Amino acid sequence: AFPNWSLLSHYFNVGVALNFLATPVSYYLVETLNSSSAIVNTYSAATYLPWCLKIFFGLQSDLVPLCGMHRRSYYLAGWAVFIACNVWLMALGEPSVNAVLLLSFVMTMGCLVSDTVADAIILECAKFEPPETKGNMRTHGYLVRMVGVTGGSLLGSLVYNGTPSGGDWSWGMNVSQCFGLQALLPLLTLVTLVPFMYEIALPKELSQRSTLDIWR
């Protein structure tokens, strides 16, 4: 359904975001910034750590409405942070190690906030799925994510051509352009669909609960 197209785009873009920049950034850190293996490992840790915090993102969106909404506002805010970090890194041209590590961590946090909320939206929608198809929406979402993971991995390996000597190919993108492309994908394919999303309103008795009741 059209109101769910943004969710479809979300799962694809999350898959791309997980892997597209991994190869370009790793090579950029080593070849251009002469970083040690410890720095590369730190980059991997910075992009993995937010996955351990998903429970807190879920609690935040459950307990504290943003602009009167528990889902869609966090969903949009997370992608806005992700896009802003990529645009910032693109604008730096050749970002430093500190900039890459810090902004990569923040962009992953933003992506994970949106992903947590998207999972919650699908869980809420699953209550209305007929018994014979219950769970299909979630399964489709994760299948689309795997398509994005595969596509992102291939894209990052093929388009980056950032060696100091100019690379072995006659075409390619530098790391700044890779950050720009990563920002452009969700901006064009996801954010434009957010206004058409449908958020299931909390029942009145639930929306009037105290914070203590919700935590319990």
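The coordinates are above.
What comes next is a walk through the structure. (Residues numbered from 1 in each chain as written. Predicted model: local features only at pLDDT ≥ 70, side-chain atom pairs only at ≥ 80, totals over all residues. Heavy atoms only, no water.)

### Observations concerning the overall build of the protein
Turning to step 1, where the next piece is worked out: Tallying secondary structure elements over the protein gives 10 helices and 0 strands in all.
Turning to step 2, where the next piece is worked out: Shown N-terminal to C-terminal, the secondary structure of the protein runs as helices and strands in the order α-α-α-α-α-α-α-α-α-α.
Turning to step 3, where the next piece is worked out: In summary, the protein has a C-alpha radius of gyration of 19 Å against a globular reference of 17 Å for 216 residues, a match within 12%.
Turning to step 4, where the next piece is worked out: If you line up the protein on its principal axes, its C-alpha atoms span 65 × 35 × 25 Å.
Turning to step 5, where the next piece is worked out: For the protein, with 216 residues in total, the buried portion stands at 40%.
Turning to step 6, where the next piece is worked out: In the protein, the share of contacts with a sequence separation of at least 24, taken over all contacts with a separation of at least 6, comes to 75%.
Turning to step 7, where the next piece is worked out: Looking at the protein as shown, the accessible area adds up to about 11500 Å², and 67% of this sits on carbon and sulfur atoms.
Turning to step 8, where the next piece is worked out: Of the charged side chains in the protein, 10 are positive and 12 negative, and the gap between their average positions amounts to 12 Å. (Helix = DSSP H or I, 4+ residues; strand = E, 2+ residues; numbered from the N terminus. Rg over C-alpha atoms; globule rule 2.2 N^0.38 Å. Buried < 20%, exposed > 50% of the residue type's maximum accessible area, 1.4 Å probe, protein only. Contact = heavy atoms within 4.5 Å. Areas by Shrake-Rupley, 256 points an atom, 1.4 Å probe, with all protein chains shown as cover. Lys, Arg positive; Asp, Glu negative; His and termini not counted. Charge placed at Lys NZ, Arg CZ, Asp CG, Glu CD.)

### A closer look at the pattern of salt bridges
Oppositely charged side chains are able to pair whenever their charged atoms sit close together.
Turning to step 1, where the next piece is worked out: Here the structure, examined in full by the defined rule, presents 4 salt bridges.
Turning to step 2, where the next piece is worked out: In this structure, Lys-54 engages Asp-119 in a salt bridge whose closest nitrogen and oxygen atoms are separated by 3.3 Å. Pair noted here: Lys-54 is in helix H4 (residues 54-63) and Asp-119 is in helix H6 (residues 97-126), with a separation of 65 residues, a long-range link.
Turning to step 3, where the next piece is worked out: Relative accessible area serves as the criterion here: at 11%, Asp-119 is assigned to the buried category.
Turning to step 4, where the next piece is worked out: Linked through salt bridges whose partners overlap, the residues forming this network are Lys-54, Asp-115, Asp-119 and Arg-145. (Salt bridge = Lys/Arg side-chain N within 4 Å of Asp/Glu carboxyl O.)

### Section: the nonpolar core
Turning to step 1, where the next piece is worked out: Grouped together as the largest cluster of nonpolar side chains are 43 residues, with contacts concentrated most on Leu-21 and Tyr-75.
Turning to step 2, where the next piece is worked out: Elements with a minimum of two residues in this core: helix H1 (5-19), helix H2 (22-32), helix H3 (37-48), helix H5 (72-92), H6, helix H7 (136-159) and helix H8 (175-189).
Turning to step 3, where the next piece is worked out: Per-element accounting of this core gives the leading share, 13 residues, to H6.
Turning to step 4, where the next piece is worked out: Sequence-distant contacts of Leu-21, defined by excluding residues within four places in its chain, comprise Ser-26, Tyr-43, Asn-86, Met-107, Cys-178, Phe-179 and Gln-182. (Core = buried A, V, L, I, M, F, W, Y, C linked by side-chain atoms within 4.5 Å.)

### A closer look at H5
Turning to step 1, where the next piece is worked out: With 21 residues, H5 extends 31 Å from end C-alpha to end C-alpha; this agrees with the ideal 30 Å at 1.5 Å per step.
Turning to step 2, where the next piece is worked out: Those residues of H5 not exposed but buried are Ser-73, Tyr-74, Tyr-75, Gly-78, Trp-79, Phe-82, Ile-83, Cys-85, Asn-86 and Leu-89.
Turning to step 3, where the next piece is worked out: Packing partners of the buried residues in H5 comprise H1, H4, H6 and H8.
Turning to step 4, where the next piece is worked out: Phi turns positive one or two residues past the end of H5, at Gly-93, with a value near 80°. (Expected span 1.5 Å × (residues − 1).)

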